[in-house]
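# Coordinate inspection notes
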Amino acid sequence: MKVLYFAWLKEKTGTSQEDLDLPNGVTDVAGLVAWLKGRGGGYSAAFADEAVVRVAVNQEHVDTDHKLSNGDEVAFFPPVTGG
Amino acid sequence: MIRVQEHDFDPGRELEQLTADNHAIGGVCSFIGMVRDFAGDAEISAMTLEHYPGMTEKQLEAIEKEAHARWPLDATLIIHRFGRLEPGERIVFVAAASAHREAAFEACHFLIDWLKTKAPFWKKESAPSGEHWVEAKASDDAATQRWNKP
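Just so it is clear, the structure is predicted and the values come from calculations on it, not from any experiment.

## Concerning the overall build of chain A
Broken down by element type, chain A carries three helices and five strands. The globule rule puts the C-alpha radius of gyration for 83 residues at 12 Å, and the 12 Å found for chain A is close to it. Each principal axis of the C-alpha distribution contributes one length, and for chain A these read about 35 × 30 × 20 Å. Here the analysis covers contacts within chain A between residues at least 6 apart in sequence; of these, 57% occur between residues at least 24 apart.

This is the structure in structure tokens:
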């Protein structure tokens, strides 16, 4: 699957986009966040306060219990501030 | 209609085009968001807008569709810019046209309120202290919630 990071999540992870295989045992967004945090470094910094991280799967806003599959496009970003 | 673009737009021309050739329109209401030169006590010299290409268009189209489902509208327009903008520059334009003013006013207000909490844009401000990402405001969430009431 494709994982995207925007705004300060991009800066903290040092990544704007990466291709990943759904890690073993990960079934939903919360599981993926835990797995990404486990990488340490910029990833644990980016997800340190999960309450301020928003997620979209296939370009729709979702909650962290949203189920994932390998073809998904998952995006992590802060609360939006457009307009 | 929605547009996501780096360059500026001409509000007068946009309004003319939006309402041209439709004489069922009795009124059009529009809102323009602009870059301020301050944030709290800090002076802002520029702002950079990042967005999520693909999702941005999808969300703006969904917001526009929702407005048409709620009010009898003849035409709507959302333009949102991205990239580096300076104080005084236009960021966003929303407009709603209808046979009567009430629908036009309400839909215009709804479009900008929903856009602010649903469209994936992020602002980074440049101030004397450095650059920092703008934090979302609770008042924006409250403004969106208002439209969820029955």
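Resuming the write-up.
## A look at the interface of chain B and chain A
Accessible area lost during the coming together of the parts is what is often quoted as the interface size. Chain B puts 21 residues into the contact, and the matching count from chain A is 13 residues. The set of elements that each furnish at least two residues to the side of chain B that touches chain A consists of helix H2 (55-70), helix H3 (101-118) and strand E9 (121-127) of chain B. Per element, the largest residue contribution to the side of chain B that touches chain A is five residues, and it comes from H3(B).

## Topic: the pairing of strand E8 (residues 90-98) of chain B
Residue and element names in this part refer to chain B. Taking burial as the measure, the nine residues of E8 include seven buried ones, the bulk of the element. Of the strand pairs in this sheet, strand E2 (residues 27-34) and E8 are connected by eight bridges, and their pairing is antiparallel. Bridging across to E8, Met34 finds its partner in Arg90.

## Considering the sheet that holds strand E1 (residues 2-5) of chain B
Residue and element names in this part refer to chain B. Sheet architecture is open: four strands sit in the order E1-E6-E8-E2, paired in mixed fashion. The sheet is open, and its two edges are formed by E1 and E2, each paired on a single side. In this sheet, neighbouring strand axes are inclined to one another by 10 degrees on average, regardless of whether the strands run parallel or antiparallel. In this structure, E1 lies alongside strand E6 (residues 73-81), joined through four bridges in parallel fashion. Bridge assignment links Ile2 to a residue of E6, and that residue is Ile78. Contacting E2, E6 and E8, H3 runs over the sheet at an angle of about 145 degrees to E8.

## As for the environment of Ala103(B)
Locating Ala103(B) in the fold gives a position in helix H3. Beyond its immediate sequence surroundings of up to four residues, Ala103(B) is in contact with Trp71(B), Pro72(B), Leu73(B) and Ser98(B).

## Here we look at the pairing of strand E1 (residues 2-5) of chain A
Across three bridges, E1(A) lies against strand E2 (residues 17-19) of chain A in antiparallel orientation. Paired with Leu4(A) across the bridge in E2(A) is Gln17(A).

What counts, and at which threshold
- Residues numbered from 1 in each chain as written.
- Chains lettered and ligands numbered in written order.
- Predicted model: local features only at pLDDT ≥ 70, side-chain atom pairs only at ≥ 80, totals over all residues.
- Helix = DSSP H or I, 4+ residues; strand = E, 2+ residues; numbered from the N terminus.
- Rg over C-alpha atoms; globule rule 2.2 N^0.38 Å.
- Contact = placed C-beta atoms within 7 Å.
- Buried ≥ 20, exposed ≤ 12 C-beta atoms within 10 Å, placed from the backbone.
- Pairing = 2+ DSSP bridges.
- Axes fitted to C-alpha atoms, helices over the stretch in contact; angles between N-to-C directions.

Just geometry here; none of it tells us what the structure is for.
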